[in-house]
Amino acid sequence: MARLVIVSNRTAAPRDRGARAGGLAVGLREALQKRGGLWFGWSGELREGDAGEPKTQEAGNILFATIPLTPADHDDFYVHYANGTLWPLCHYRLGLIEFRRSAYEGYLRVNRLFAEKLAPLLRPDDLIWIHDYHFFPLASALRALGVTNRMGFFLHIPLPAPEVLTALPRHRRLIADLCAYDLVGFQTGDDLQSFTSYIERETAGTLDPRGTFRAFGRCGEAAAFPIGIDTATFAELSEQAADSAQTRRLHESLAGRRLVIGVDRLDYSKGIPQRMEAFQTLLEAYPEHRGRVTYMQIAPISRGEVEEYQALRRDLEGWVGRINGRFGEYDWAPVRYLNKAFPRQALAGFFRQAAVGLVTPLRDGMNLVAKEYVAAQDPADPGVLVLSRFAGAARAMPQALIVNPFDVEEIGDAVHLALTMPLAERRARWNEMMAELRRNTIQSWCESFVERLAGADTDEQAA
Ligand code: GDG
């Protein structure tokens, strides 16, 4: 069996396993263990001068190899191009895009650096699986060095429709780079449709119904691979957490009030200010919930060096202050706002406590929190998921209360509906969502991508 090579901006920590690691890291690690493999990425270090040889560390049959970046490369590649240009573009936020040629040059430079440092570690039959928007050009950079291995790419965030994508200076190069892969994976059929439309409208290429594309002088396959979670483990974790000290403390602190929960990296794509406003609308329109419901928003700081994220943080602090000032009582703060991360097991326990999971991104590739919230529920008395129609997860879980995240009144109404939904309906909706989460897990996602990359279903297709 061919070895698997995974490239992502950050690798998992070699010794971080099980409950402490995130779901994606666990899934990728299992895929590497199965075939033996290499996980390559940025070490997290900033250092002047040549990156030198990759630092390697072995854990069982997996080799972790990482390289440092210079502060200037990190600034151009990560802060400005990946997160200042591609992230807002792919989340349909054209107004937030910054484009600087120097940053773009830096992005290409770091991709070339990754290719140079990775190439010597490769074996001829390795399957190479590259992750996310930091590395659109990595296959091209590797091919320029003579690497001929099969290479796959998975985009964790949305691919916007051509009307939006073409706002990016040099968009043709981005898509040409995508076409250098043998397999391109997207989260949903909508993202795949954006790719298809781009190929049809902007190039002389073609894409057939089976997903085979011919464009920019290359041929490959494109398909949707909706990412899942480690459903069984997360459900178990939440059951164990049900009577942990932390869950009990949370329960006691609520003093009989219902809990509405949101958990997101502090990111403008997640629609957190709109969610705050929606909660305010709920308290205005349905006064019966005043003093009886607490909204807890966990929002660990993310990309704090990017200006837009600093502005978002100030905005949210304003929202929390206004809502608590206006509706709060001496014994009740309507909103609890926490800029810190919690261990996975604690989160699982918090999700299980919450009557409502509020997941309202303005755009999201998938959104794993929505899936984790569902997996964490008590089957006998499950909570209700309120979910944005613009999260990839809405495709897999139409039984959630689906909302338009820009319509704060609609979200407020949905939270009211969730808080008053009869048990039988909650169970019926939850059972269907849970069945889907058990079918499509992080493990099955990894397997289907790697098998397709290995060409395992080529014969079947030819038949
Ligand atoms: C990108 C795409 C796509 C959050 N706070 C804490 C914590 N988390 C964990 C969640 C979840 C993960 O982080 C976040 O995943 P999401 O999918 O919700 O969002 P992104 O970070 O934007 O991820 C997204 C994903 O890639 C995978 O393809 O779904 O669309 O944007 O697992 O639980 N974990 C812990 N403490 C926290 O406080 N331990």
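Analysis parameters
- Residues numbered from 1 in each chain as written.
- Predicted model: local features only at pLDDT ≥ 70, side-chain atom pairs only at ≥ 80, totals over all residues.
- Heavy atoms only, no water.
- Helix = DSSP H or I, 4+ residues; strand = E, 2+ residues; numbered from the N terminus.
- Rg over C-alpha atoms; globule rule 2.2 N^0.38 Å.
- Buried < 20%, exposed > 50% of the residue type's maximum accessible area, 1.4 Å probe, protein only.
- Contact = heavy atoms within 4.5 Å.
- Areas by Shrake-Rupley, 256 points an atom, 1.4 Å probe, with all protein chains shown as cover.
- Lys, Arg positive; Asp, Glu negative; His and termini not counted.
- Charge placed at Lys NZ, Arg CZ, Asp CG, Glu CD.
- Salt bridge = Lys/Arg side-chain N within 4 Å of Asp/Glu carboxyl O.
- Pairing = 2+ DSSP bridges.
- Domains from an automatic or database assignment.
- Right-handed = clockwise from strand over helix to strand, strands pointing away.
- Near = heavy atom within 4 Å.
- Polar contact = N/O pair within 3.5 Å; in protein donor to acceptor, adjacent residues only side chain to side chain.
- 1 Å grid on protein atoms, 1.4 Å probe; cavity = no way out; pocket = protein on both sides within 12 Å on 5 of 7 lines; lining within 4 Å.
- Sits in = over half its atoms within 2 Å of the grid points.
- Nonpolar A, V, L, I, M, F, W, Y, C, P; charged D, E, K, R; others polar.

*Asks:* Provide a residue-level description of the overall build of the chain, including the pertinent values.
*Replies:* On a plain count of helices and strands, the chain comes out with 18 helices and 16 strands. Scaling as 2.2 N^0.38, a compact globule of 463 residues should have a C-alpha radius of gyration of about 23 Å, and the chain matches this with 23 Å. Across the 463 residues that make up the chain, the buried fraction comes to 58%. Considering only contacts in the chain between residues 6 or more positions apart, those separated by 24 or more positions represent 76%. When the accessible surface of the chain is split by element, carbon and sulfur atoms take 49% of a total near 18800 Å². In the chain, which carries 54 positive and 58 negative side-chain charges, the distance between the mean positions of the two groups comes to 2 Å.

*Asks:* Tell me what's going on with the pattern of salt bridges, and back it up with residues and numbers.
*Replies:* Tallied over the full model, the rule gives 25 salt bridges. With its nearest N and O atoms 3.2 Å apart, the salt bridge here joins aspartate 267 to arginine 265. Assessed through its relative accessible area of 0%, aspartate 267 is described here as buried. One salt-bridge network, in which partners are shared between bridges, spans Asp73, Asp76 and Arg109.

*Asks:* So what's going on with the sheet that holds strand 7 (residues 183–186)? Which residues, and what values?
*Replies:* In space, the ten strands of this open sheet follow the order 3-4-2-1-5-6-7-10-9-8, with mixed pairing throughout. Each edge of the sheet is formed by a strand with only one pairing partner; in this case those strands are strand 3 (55–59) and strand 8 (206–207). As defined by bridge partners, strand 1 (residues 4–10) adjoins strand 5 (residues 127–131) across four bridges and the pair is classed as parallel. Residue pairing across strands places leucine 4 opposite leucine 127, the latter belonging to strand 5.

*Asks:* Provide a residue-level description of the domain arrangement of the chain, including the pertinent values.
*Replies:* Along its sequence, the chain is carved into domain 1 (4–228 + 443–454) and domain 2 (231–439). Centre-to-centre, using C-alpha coordinates, domain 1 lies 30 Å away from domain 2. With 25 residues of domain 1 in contact, the opposing surface of domain 2 contributes 21 residues. Here arginine 395 and aspartate 190 are joined by a salt bridge, their closest N and O atoms 2.5 Å apart.

*Asks:* Run through the pairing of strand 6 (residues 150–154), naming residues and quoting values.
*Replies:* Among the five residues that make up strand 6, four are buried, leaving the element largely enclosed by the rest of the structure. Inspection of the sheet shows strand 5 paired to strand 6 by five bridges, in the parallel sense. Residue pairing across strands places isoleucine 128 opposite methionine 151, the latter belonging to strand 6. Taken together, strand 5, helix 4 (residues 138–144) and strand 6 constitute a β-α-β crossover, and its handedness is right-handed. In the sheet, strand 6 pairs with strand 7 via three bridges, with the strands oriented parallel. From the neighbouring strand, phenylalanine 153 faces strand 7, where its bridge partner is valine 184.

*Asks:* How would you sum up the site of the ligand? Please name residues and give values.
*Replies:* Around the ligand sit 22 residues in total, of which His156, Phe342, Asp364, Leu368 and Glu372 are the nearest. The contact in question runs from an oxygen atom of the ligand to an N or O atom on the backbone of leucine 368, over 2.7 Å. Within the contact set of the ligand, an oxygen atom lies 2.5 Å away from a side-chain nitrogen or oxygen of glutamate 372. When the ligand is considered free in solution it has 740 Å² of accessible area, and contact with the protein chains removes 84% of it. Taken atom by atom, the bulk of the ligand overlaps the largest pocket. Of all the elements in the fold, those that place two or more residues in the shell around the ligand are helix 12 (344–353) and helix 13 (368–375). Here the element with the most residues in the shell around the ligand is helix 13; it accounts for three residues. Classifying every residue of the shell around the ligand gives 13 nonpolar, four polar and five charged.

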